[in-house]
Amino acid sequence: MAKQNLPYLFFKRLTLAFLKTQRKREFLVEKLQRQLEKAEKEAEKAEDPSVKAEWTRIIGFLTQTLNGLLKAYDMVRFNEDMQQLKRLVEMAKEEHERLNQWQAELEARERALAIKEEELNRKLEALAKQQPLG
């Protein structure tokens, strides 16, 4: 029984680590955005060209770092969306198969009813021929 739980525990631990990483990434993005806003304000206030250039360099660095984090976050989100899409496609395939089975059953029942209707019509005709008119 303990061996059967190992994959579940591994998956659970991996999922928790993933969620923890995502939360850290979100925290870092927010922190970098705040730092970027501060650096932009400082660059606007700077009168000395060398100080302004240094703030501009910092803004570039923060922007590159933020962009890298957002790309990683977007890739994770994309992968999650793709997994959801795969599940939806699989559900649609299963539903399509179920509908095809129902349609086949319905067609079989319709054929059986048509055969019974033909039998009843023949019997009614035979009865009508046996009955004297009038």
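Being a predicted model, the structure only gives us computed values, none of them experimental.

The rules behind these values
Residues numbered from 1 in each chain as written. Predicted model: local features only at pLDDT ≥ 70, side-chain atom pairs only at ≥ 80, totals over all residues. Heavy atoms only, no water. Helix = DSSP H or I, 4+ residues; strand = E, 2+ residues; numbered from the N terminus. Contact = heavy atoms within 4.5 Å. Patch = residues over 30% accessible without salt bridge, like charges linked within 9 Å, V, L, I, M, F, W, Y side chains within 5 Å. Areas by Shrake-Rupley, 256 points an atom, 1.4 Å probe, with all protein chains shown as cover. Salt bridge = Lys/Arg side-chain N within 4 Å of Asp/Glu carboxyl O. Buried < 20%, exposed > 50% of the residue type's maximum accessible area, 1.4 Å probe, protein only.

Asker: Which residues make up the side chain of Arg-25, and what are the values?
Answerer: Tracing the backbone through its elements, the reader meets Arg-25 in helix α1 (residues 2–45). Ignoring anything within four residues of it in the chain, the contact list for Arg-25 reads Leu-69, Ala-72, Tyr-73 and Val-76.

Asker: Let's hear about a nonpolar patch on the surface: which residues, and what values?
Answerer: Together, Met-75, Phe-78, Met-82, Leu-85 and Val-89 line one region of the surface with nonpolar side chains, adding up to about 440 Å² of accessible area. Structurally, the position occupied by Phe-78 is in helix α2 (residues 49–130). The class for Phe-78 is partly exposed, based on a relative accessible area of 45%.

Asker: Before we move on, could you go through the pattern of salt bridges and cite the residues and values that matter?
Answerer: In this structure the tally under the stated criterion is 3 salt bridges. In this structure, Lys-45 engages Glu-42 in a salt bridge whose closest nitrogen and oxygen atoms are separated by 3.3 Å. One end of the pair, Lys-45, and the other, Glu-42, are both in helix α1, 3 residues apart, so they sit about a helical turn from each other. For Glu-54, the salt bridge is made with Arg-57, and the minimal N-O distance between the two is 2.5 Å. Taken together, the residues Glu-54 and Arg-57, both in helix α2 and 3 residues apart, mark about one turn of the helix. Assessed through its relative accessible area of 37%, Glu-54 is described here as partly exposed.

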